[in-house]
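# Understanding the architecture of this molecule
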Amino acid sequence: IAVVMENGDVIESKKIISSIGVVNTLNNLLDNNNSFLSKARCDLDGVQQTKSYVCLHVGLNGSAKDLGLENTNLWVYSNYDHDKSVKRYLNDKETELPLVYISFPSAKDDSWGKKHPNSATMEAITLSRWKWYENWEKLKWKKRGVDYEVEKEKLSNKIMNVAFNHVVGIENAVDYQELSTPLTVKDLANYQKGEMYGIDHSPKRFRQSWLKPQSKIKNLYFTGQDITTVGVSSALFSGLLTASVVLKENLSNLIKK
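This text gives an overview of the structure that appears in the document. Please read these numbers as outputs of a predicted model, since none were measured by experiment.

Our focus in this paragraph is the environment of Gly-231. Positionally, Gly-231 belongs in the loop between strand 9 (220-222) and helix 9 (232-247). A sequence separation of 34 residues divides Gly-231 from Tyr-197, and the C-alpha atoms of the two residues are 8.0 Å apart. Aside from chain neighbours lying at most four places away, what touches Gly-231 is Tyr-197 and Gln-225.

Structure below.
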């Protein structure tokens, strides 16, 4: 019936829509006195959160054109047995990175060159584990100490070595780089374990009939990729699905128009 803000303000509404994910919604937003909550939380046993990740944000001194950067993404796998590589790395972070996803956001922005001439951006993402960073969990963002920064720098260099091998010509163009860890994800996106994509995309997850816009609690609705599938386009489409359920009207015709 309402959302209570941190400062005590109460925003009443006939319908509440949550886009922060089903785990965050059911575990962190709802009053424990809600009679339907225990039943709804039992549904969470059928899903699990995705793995954590790190993202290296890189600023390059040179335009995408001059550096030869394309707007396509690179998926760099260490070998053909991906499952084995992932398992090995998650058990020992000193081993070879099983996967690095490399993207060039500025190359996808037609207006970037006018706003930021002679510069480009790159991001490189790989897998991580929450427990690798638990020692610094209680410390504040940007104030986690020398050991934390040393660990970040070590991993950043490891990721950049992969990038240098697959993105020719950027070695001398790196102007800035900063690594976000699972702790960063929790601080800025509030995913409790720094997870990458909400709940895991397993066969079991897609058999959960309760993952839909209408929750089991009256007037509470879900939206976001947890009720569809992973990715930006799926998250966008989830908004259409939820709006259709709330308004009791098939809004898919809007896409045709």
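Time to look at helix 7 (residues 182-189). For helix 7, the full list of buried residues reads Pro-182, Leu-183, Thr-184 and Val-185. On its buried face, helix 7 is in contact with strand 4 (52-60), strand 7 (120-128), helix 6 (145-166) and strand 8 (174-180). Backbone geometry just after helix 7 places Asn-190 at a positive phi near 65 degrees.

A few words on the environment of Met-196. In this structure, Met-196 sits in the loop between helix 7 and helix 8 (203-206). The class of Met-196 is partly exposed, set by a relative accessible area of 26%. Linking Met-196 and Val-54, residues 142 residues apart in sequence, is a C-alpha distance of 8.9 Å. Beyond its immediate chain neighbours, meaning those up to four positions away, Met-196 contacts Thr-50, Lys-51, Tyr-53, Ile-125 and Tyr-191.

Scoring rules and cut-offs
- Residues numbered from 1 in each chain as written.
- Predicted model: local features only at pLDDT ≥ 70, side-chain atom pairs only at ≥ 80, totals over all residues.
- Heavy atoms only, no water.
- Helix = DSSP H or I, 4+ residues; strand = E, 2+ residues; numbered from the N terminus.
- Contact = heavy atoms within 4.5 Å.
- Buried < 20%, exposed > 50% of the residue type's maximum accessible area, 1.4 Å probe, protein only.

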